[in-house]
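These are the residues of each chain, in order.
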Amino acid sequence: MSSKFEIPLMNQRALFGSFLAAHAIPDALDILFTGVGCKPKAQRQIAQHDRFREAGSKMVWADIGEREAIGGPLDRLENITLETVSRRGQVGIIFVATSAAAELLSADLRPALARIRRRAGCPVVLLPSAGWDRDMYAGYGAAQRAVLDLVDWKRSPARGRSVGIVGHWFHRYESDQQADLDELRRLLKGAGAEPGPVFFSGAPLAKLLELAGSAAILRLPYLLDEPLAAGSPAPARAVAHGHWGRRPVLPTALPVGTAHTESFVLTAAQAAGAGEDRARRFVREERARLQPVLRRARRELAGKRALVLADTPLAAGLCCLLPELGVRVPLAVLLDETLGGRKALQAELRTSGVDSPPVILENPGYTELERAFEMVFGRRGGVDFIVGPDLWLPPRIREGAAWMELGFPSNRWHPSEPAPVLGFSGLRALAKRLLEVAAG
């Protein structure tokens, strides 16, 4: 019974997701309209994760103390926001993130935000971020939807075969994330498309709004129509086809592993109207280039077992990729609450023709994780690899396992050269990393 009250492995909420989205837009400003204790819930979580770009000054807080709660907090919010804009300049967009403390007040934010918008001269977006019901992926997705609402589809005509991407999870400016962006653009070109803007990608607001010039849009699984509860029957990429500003929007899997990457390339070709021949030729060439590293990986890693800890879309990709390298995944731990959960993972793997892990946990506490780990790997442990972010894990799980740090947060892994996760280049890079980790 006590395990029901344990803090789950990944416990970052929507407030952090909105901050991380602001971090991904260089000219965005994140105003915390929250209680006085909320500041460390965001900026300190990224201090060791992103060593390329400092994020502390991204956040400004309009603390709600007793005086503000009684006398009215809106003047403080307005004054602090406008003072920050006047001092910094070059602010493209302002996110106002509210916590439970702010949302329980009776203050009407709408007129205050309208005044700030007029005086600041830039978009001001309200992002409700109370921590009782949504995780960081939902907060990040809400910020993406808010920026998408600013795209003026009528202003820019669609350009030829230009394809934009939304729903990308960009969380730091280090070389792994930059390499993923390069790979996404390379895959688009291989499919015969012209790469358009990527939401989000470290690009400023004006560059993101150029999405209006895209002839079509690919939708990665970090942007759903609405956040899904864990256990939802809808697979992570089963958002219905739609249109934004008369541009077709095509959902696609996260391109991790050969099957998902091939699906991404073919969907990109469809979006661009480029036909399949060129895309399939590109895929065949890439598969051929991968064979040497795949043969070596299978030879050296065959029969080894991995514990995967990742959000649902990344876990789906890893459960496809690792068996390609000869590594079995008997236990997968999903570190999100809004991206689809177990049923989404199973549906995605079924679509890709890959067996699901025998045991799947949905963001468990430590007691549930230890029990499942012992059931799968035995009392003394029999896991060869841990593939996942830098989270605290019980000693019984860590002992004797080689750890390949991947995802958010990556506090200890900071690559000095391009190290993608996505696409064919990502498969090659992850295979090499896993071989290095196995060799100690």
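Residues numbered from 1 in each chain as written. Predicted model: local features only at pLDDT ≥ 70, side-chain atom pairs only at ≥ 80, totals over all residues. Heavy atoms only, no water.

Time to look at the overall build of the protein. Regarding its fold elements, the protein presents 15 helices and 14 strands. Out of the 440 residues belonging to the protein, those deemed buried represent 59%. Within the protein, contacts between residues at least 6 apart in sequence are counted, and of these 77% link residues at least 24 apart. Accessible area for the protein stands at about 18500 Å²; split by element, carbon and sulfur atoms hold 49% of it. (Helix = DSSP H or I, 4+ residues; strand = E, 2+ residues; numbered from the N terminus. Buried < 20%, exposed > 50% of the residue type's maximum accessible area, 1.4 Å probe, protein only. Contact = heavy atoms within 4.5 Å. Areas by Shrake-Rupley, 256 points an atom, 1.4 Å probe, with all protein chains shown as cover.)

As summarised here, the arrangement of the five strands in space is E12-E11-E10-E13-E14, forming an open sheet in which the pairing is parallel. Of all strands in the sheet, those with a lone pairing partner are strand E12 (359-362) and strand E14 (402-405), marking the two edges. Within this sheet the neighbouring strands show an average axis-to-axis angle of 15°, counted without direction. Where strand E10 (residues 305-310) and strand E13 (residues 385-388) come together, three bridges link them in parallel fashion. When the bridges of E13 are listed, Val308 appears paired with Val387. The strands touched by helix H12 (residues 341-352) are strand E11 (328-334) and E12; relative to E12, the strand with the most contacts, the crossing angle is about 140°. (Pairing = 2+ DSSP bridges. Axes fitted to C-alpha atoms, helices over the stretch in contact; angles between N-to-C directions.)

On to the pairing of E11. The buried fraction of E11 is high, at six of seven residues. For E10 and E11, the ladder comprises five bridges, and the chain directions are parallel. The residue of E11 that forms the bridge with Leu307 is Leu331. Viewed along the sheet, the connection from E10 through helix H11 (residues 312-324) into E11 turns out right-handed. For the segment spanning E11, H12 and E12, crossover handedness is right-handed. (Right-handed = clockwise from strand over helix to strand, strands pointing away.)

The strands making up a sheet associate through backbone hydrogen bonding, with each pair oriented either parallel or antiparallel. An order of E2-E1-E3-E4 is seen for the four strands of this open sheet, with the pairing classed as parallel. The open sheet is flanked by strand E2 (59-61) and strand E4 (124-128), the only strands paired with a single partner. Taking each pair of neighbouring strands and ignoring which way they run, the sheet shows an average axis angle of 25°. The strands touched by helix H3 (residues 74-88) are strand E1 (28-33), E2 and strand E3 (93-98); relative to E1, the strand with the most contacts, the crossing angle is about 155°.

This brings us to the packing of aromatic side chains. Across all of its chains, the model carries 12 aromatic pairs by this definition. Between Phe16 and Phe408 the ring centres are 5.3 Å apart and the planes differ by 35°, which places this aromatic pair in the tilted class. Taken together, the residues span a long stretch of sequence, with Phe16 in helix H1 (residues 14-23) and Phe408 in the loop between E14 and helix H15 (423-438) at a distance of 392 residues. Phe408 carries the same exposure label as Phe16, and that label is buried. Their ring planes at 85° and their centres at 5.1 Å tell us that Tyr366 and Trp392 sit as a pair that is edge-to-face. In this pair, Tyr366 sits in helix H13 (residues 366-377) while Trp392 sits in the loop between E13 and helix H14 (395-398), placing the two residues 26 residues apart along the sequence. Taken together through their ring pairs, the aromatic side chains of Tyr137, Tyr140, Trp169, Phe199, Phe200 and Tyr222 make up a single cluster. Looking at Arg53, its charged tip hangs above the ring of Tyr173, at a distance of 4.0 Å from the centre. Positioned above the aromatic ring of Trp413, the side-chain terminus of Arg433 is 3.6 Å from the ring centre. (Phe/Tyr/Trp six-rings, centres within 6.5 Å; stacked < 30°, edge-to-face > 60°. Lys NZ or Arg CZ within 6 Å of the ring centre and 35° of its normal.)

Buried residues dominate H1, accounting for 10 of its 10 residues. Every buried residue belonging to H1 is among Ala14, Leu15, Phe16, Gly17, Ser18, Phe19, Leu20, Ala21, Ala22 and His23, and all of these are buried. If you follow the buried residues of H1, they end up packed against E1, E2, E3, E4 and helix H6 (136-148).

Nonpolar side chains in soluble globular proteins tend to be buried together. Counting 128 residues, the largest nonpolar core has Phe95, Phe200, Leu307 and Leu322 as its most contacted members. Residue contacts for Phe95: discarding those within four places in its chain leaves Ser18, Ala21, Ala22, Ile25, Leu29, Asp30, Ile31, Val125, Leu127, Ala143 and Val147. Judged by nonpolar contacts, the second largest core, of 19 residues, contains Phe33, Leu77, Val85 and Ala120. (Core = buried A, V, L, I, M, F, W, Y, C linked by side-chain atoms within 4.5 Å.)

Moving on, we get to H11. Taking 1.5 Å per residue as the helical rise, H11 with its 13 residues ought to reach 18 Å, and the 19 Å between its terminal C-alpha atoms agrees with that figure. By the criterion of burial, H11 is predominantly enclosed, with 12 of the 13 residues buried. Taken residue by residue, H11 has Thr312, Pro313, Leu314, Ala315, Ala316, Gly317, Leu318, Cys319, Cys320, Leu321, Leu322 and Glu324 as its buried positions. N-capping of H11 is provided by Asp311, with a side-chain oxygen placed 3.0 Å from the backbone N of Leu314. Looking one or two residues past H11, Gly326 carries a phi angle of roughly 90°, positive in sign. (Expected span 1.5 Å × (residues − 1). Polar contact = N/O pair within 3.5 Å; in protein donor to acceptor, adjacent residues only side chain to side chain.)

Next up on the list: the side chain of Glu78. Inspection of the secondary structure assignment puts Glu78 in helix H3. We classify Glu78 as buried; its relative accessible area is 7%. Glu78 has contacts with Arg115, Ile116 and Arg119, leaving out every residue within four places of it along the chain.

Here Thr261 is to be found in helix H9 (residues 258-272). Taking relative accessible area as the criterion, Thr261 reaches 0% and is therefore assigned buried. Within the structure, the side chain of Thr261 is placed 2.7 Å from the backbone oxygen of Gly257, a separation counted as a polar contact.

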